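# Descriptive analysis of the structure
Letter by letter, the chains look like this.
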Amino acid sequence: MPDWTTLIIAGLAAVILLVAVSVVAWLLGRRSWFAKWIRGPLQGVALASSVWVFCRLGDLESAEPFAQALVAAAIVGGAAYFAFSFGLTVFFSRQRDVHLPPLLRSVLVGLVFIAAFLLALKVTVPDFSLAPFLVASGVLSLVIGLAFQDVLSNFISGVTLSIERPLRKDDWVEVGGQEGKVVEITWRSTKILTRSNDFVVVPNRKLAENYLTNFSMPTRLHREIVYYGLPYTALPTVVEELLLEASVRATGVLSRPRPSVALVKFDEYSIIYRLAFYVDRYTELWETTGNLNREIYFALQRHGVEIPFPIRTVNNRPAATGPETWKENYRHRLQVLEGQNQGDRIPLVGTDLVVGRGPECQIDLGDPISSKKHARIRQVAGKILCEDLDSKHGTLVNGRPVQAAWLRSGDEITIGKTVLRFEEIVLG
C-alpha cells in the first residue's frame, strides 16, 4: 500500500505533465492553422498520460494496466479525431461541398476510443474477459435504440441530408405544404422562415420522407406559369401581343429567357391563355406577379379588351301541357341566393318540375351535392308544393327538413349547397 507522500508526488507529477502538454497544445494552436484539430487529441493524450504517471509513480500496480489501456485508447482516439476532423472536413467540405454534422464525428470518435480501450485492456491484462462488456453493450444499444427511436431517425436523416445536400442554407423550399427560406440545418431538424415571417421547424425524418421542392436548385432561375381568361371577342393574336407587352414592362420579370404565351383552353365564357415567365429571385415572386397583373390590366384597358365574367343561360323545358299549365307570362320564379349559379332567376314554367342534377331534370342546378332527382315543384289547386324525392341530403325549407311543404313568397329552399328563394310575381 503506497504512503501519502508517494501519492502526493505522483499527483504533482501527473498535474505537471498535464499542464505542460496543455501549454504545448495551446502554443501550437496559436501558430498552426490546423490547431483546432490537434488541440483536443493532445489534451486527451495528456490526461491519459497523467493518469498513467500517477499510477506508475504512486505504486498502484493493480490500476497500471487500465492506465496503459487508457493511454493507448487516447492515442488511437486522438488519431481518429484528427482523421475525421481534418481529413474528412477537407475532403468533403472543400472538395465536394458536403458538411458532416459535428455530432457524427463525436460519435465515431467515441466508438473508436471505446474499441481501442477494450482492445488495449485485453492486451495488457490477458485474463480480462470482454464478454460481459459486449453483452452489456448489446443490451444497452437495444434499450437506447428503442427509447430514442425518433431521435436516432432524425439523426440518421440529418446525416443523409448533410451528405446528399438536397437543400442548403438560404435556399427557398417547399415541404409538407410549408414554403419558406432555409435558415438553419441541424442534426435533428431544419428551420424554415415562411413568407409570413414565422419559423417552421421540420424534423429531418419528415424532411426525408416527404416530397421536397427546392426553388433555388439547380439554379436561382425559376419559371412561373399563370393563366388568364379573356373574351372570345378579342383575337388571340392581339391578346398574345398584349400579354407579352405587359410582361416586358413588369418589374421583376426577366427578359431572358423570354416570356411565352399559349392558348390552352376554350372555357364556358372565356378563352384561357397561359403566360410563362422567369424570375431570378423567388423570394419576390408575389411582388413580381402583382406587378405583372397590374401591367396586364392597364394593357387590356388601353386596347379596349374587357375582362369577362361568368354567364350561364338556364333553359327550362316545360312539362306536358294541360288545364293547369302555368301561363307563359309566368307568375313564380326561383332566385339562386347561394350556389354555383348565384344570382340567376329561374322562371317556373310547367305543372310538374323536377329539380336536381342532370339533363333529366327540368331545373338543373349543377350542384354536385344534390341528388340527380332531388325535389319536385308542382302546382296543386293554384298553390305551389315542394316535395323531396327521397334525396340523400334532404330538402330544407326555411332551414327545416321537409318531405312536402307549401311555398309562400320569400321562402328559402336549400338543396345541397344551393339556396333558392321562392318569389311570387304580381302581374299588372
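Located above this text is the structure these notes cover.
A short tour of the structure in this document, coming up.

The rules we used
Residues numbered from 1 in each chain as written. Predicted model: local features only at pLDDT ≥ 70, side-chain atom pairs only at ≥ 80, totals over all residues. Heavy atoms only, no water. Core = buried A, V, L, I, M, F, W, Y, C linked by side-chain atoms within 4.5 Å. Buried < 20%, exposed > 50% of the residue type's maximum accessible area, 1.4 Å probe, protein only. Helix = DSSP H or I, 4+ residues; strand = E, 2+ residues; numbered from the N terminus. Expected span 1.5 Å × (residues − 1). Arc of directions from axis to C-beta. Contact = heavy atoms within 4.5 Å. Salt bridge = Lys/Arg side-chain N within 4 Å of Asp/Glu carboxyl O. Pairing = 2+ DSSP bridges. Axes fitted to C-alpha atoms, helices over the stretch in contact; angles between N-to-C directions. Phe/Tyr/Trp six-rings, centres within 6.5 Å; stacked < 30°, edge-to-face > 60°. Lys NZ or Arg CZ within 6 Å of the ring centre and 35° of its normal. Polar contact = N/O pair within 3.5 Å; in protein donor to acceptor, adjacent residues only side chain to side chain.

## A short note on the nonpolar core
What tends to happen in soluble globular proteins is that the nonpolar side chains get buried as a cluster. Formed by 25 residues in total, the largest nonpolar core has its most connected members in Tyr228, Leu243, Tyr273, Leu275, Leu292 and Ile296. Within the residue set of this core, elements represented by two or more residues are strand S6 (222-230), helix H8 (236-249), strand S8 (271-279) and helix H9 (285-302). Of all hydrophobic cores here, the second largest spans 20 residues; its members include Val336, Ile363, Leu365 and Ala405.

## Here's the deal with H9
The periodicity of an α-helix, 3.6 residues per turn, causes residues three or four positions apart to be oriented the same way. Over its 18 residues, H9 extends 26 Å from the first C-alpha to the last, a length consistent with the 26 Å expected when each residue adds 1.5 Å. Considered for burial, the residues of H9 that qualify are Leu285, Thr288, Thr289, Leu292, Ile296, Ala299 and Leu300. The arc enclosing the buried residues of H9, seen along the axis, measures out at 105°, which places them on a common side. On its buried face, H9 sits against S6, H8 and S8.

## Some details on the pattern of salt bridges
Tallying each qualifying case throughout the model produces 11 salt bridges. A salt bridge links Arg249 to Glu245, with the nearest nitrogen and oxygen atoms 3.6 Å apart. Taken together, the residues Arg249 and Glu245, both in helix H8 and 4 residues apart, mark about one turn of the helix. A residue is classified by how much of its surface remains accessible, and Glu245, at 28% relative accessible area, is partly exposed. In this structure, Glu245 and Arg302 form a salt bridge, with 3.7 Å as the shortest nitrogen-oxygen distance. Remark: Arg302 occurs in helix H9 and Glu245 occurs in helix H8; sequence separation between them is 57 residues. A residue is classified by how much of its surface remains accessible, and Arg302, at 49% relative accessible area, is partly exposed. Linked by salt bridges that have partners in common, Arg168, Asp171 and Arg220 make up one network.

## A short note on the pairing of strand S9 (residues 332-338)
Across 6 bridges, S9 lies against strand S19 (residues 418-424) in antiparallel orientation. Considered in S19, the bridge of Val336 is made with Leu420. The pairing of S9 with strand S10 (residues 345-347) spans 3 bridges and is classified as antiparallel. Bridging across to S10, Arg333 finds its partner in Pro347. As consecutive antiparallel partners, S9 and S10 are separated by 6 residues, and within that stretch Gly339 has a phi angle of approximately 135°, a positive value.

## What about the sheet that holds S6?
Remark on secondary structure: sheet strands pair via backbone hydrogen bonds, oriented parallel or antiparallel. Strand order in the open sheet formed by 3 strands is S6-S8-S7, and the pairing between neighbours is antiparallel. Two strands in the sheet have a free side with no partner beyond their single neighbour: S6 and strand S7 (260-266). Averaged over all adjacent pairs, the angle separating strand axes in this sheet is 25°, with direction ignored. Direction of pairing for S7 relative to S8: antiparallel, over a ladder of 6 bridges. If you follow Lys265 over to S8, its bridge partner there is Ile272.

## Side note on the packing of aromatic side chains
According to the stated counting rule, one finds 4 aromatic pairs in the structure shown. Measuring from centroid to centroid gives 6.2 Å for Trp172 and Tyr282, while their planes differ by 55°, and the two rings are tilted. Placement of Trp172 in strand S1 (residues 172-175) and of Tyr282 in the loop between S8 and H9 is noted, with a sequence separation of 110 residues between them. Each member of the pair Trp172 and Tyr282 is classed as buried. Between Tyr232 and Phe266, the aromatic rings sit 6.3 Å apart at their centres with planes inclined by 20°, giving stacked as the arrangement. Linking Tyr232 in the loop between S6 and H8 with Phe266 in strand S7, this pair joins segments that are 34 residues apart in sequence. Here Phe266 falls in the exposed class, since its relative accessible area comes to 58%. Here a set of aromatic residues connected by ring pairs shows up, and it is made of Trp172, Phe215 and Tyr282. Between the NZ or CZ atom of Arg195 and the centre of the ring of Trp286, over which it lies, the distance is 4.8 Å. Above the plane of the ring of Trp406 lies Lys383, whose end atom (NZ or CZ) is 5.8 Å from the centre.

## What about unusual backbone geometry?
Excluding glycine, a negative phi dihedral is what most residues carry, and trans is how most peptide bonds are arranged. In this chain, Met217 is followed by Pro218 through a cis amide linkage whose omega measures 5°. With respect to the helices, strands and loops of the structure, Pro218 is situated in the loop between strand S5 (212-214) and S6. The peptide bond linking Arg256 to Pro257 adopts the cis configuration, its omega dihedral lying at -5°. Relative to the helices and strands, Pro257 is located in the loop between H8 and S7. For Asn197, which is not a glycine, the phi torsion comes out positive at approximately 65°. Position of Asn197 among the secondary structure elements: in the loop between strand S3 (189-194) and strand S4 (199-203).

## Thoughts on the side chain of Asp388
For Asp388, the position within the fold is in strand S14 (residues 383-388). Separated by 2.7 Å, the side chains of Asp388 and Ser391 make a polar contact. Engagement of the side chain of Asp388 in a polar contact is seen with the side chain of Thr395, the distance being 2.5 Å. Dropping the residues within four chain positions of it, Asp388 is found in contact with His374, Ala375, Gly394, Thr395, Val402 and Gln403.

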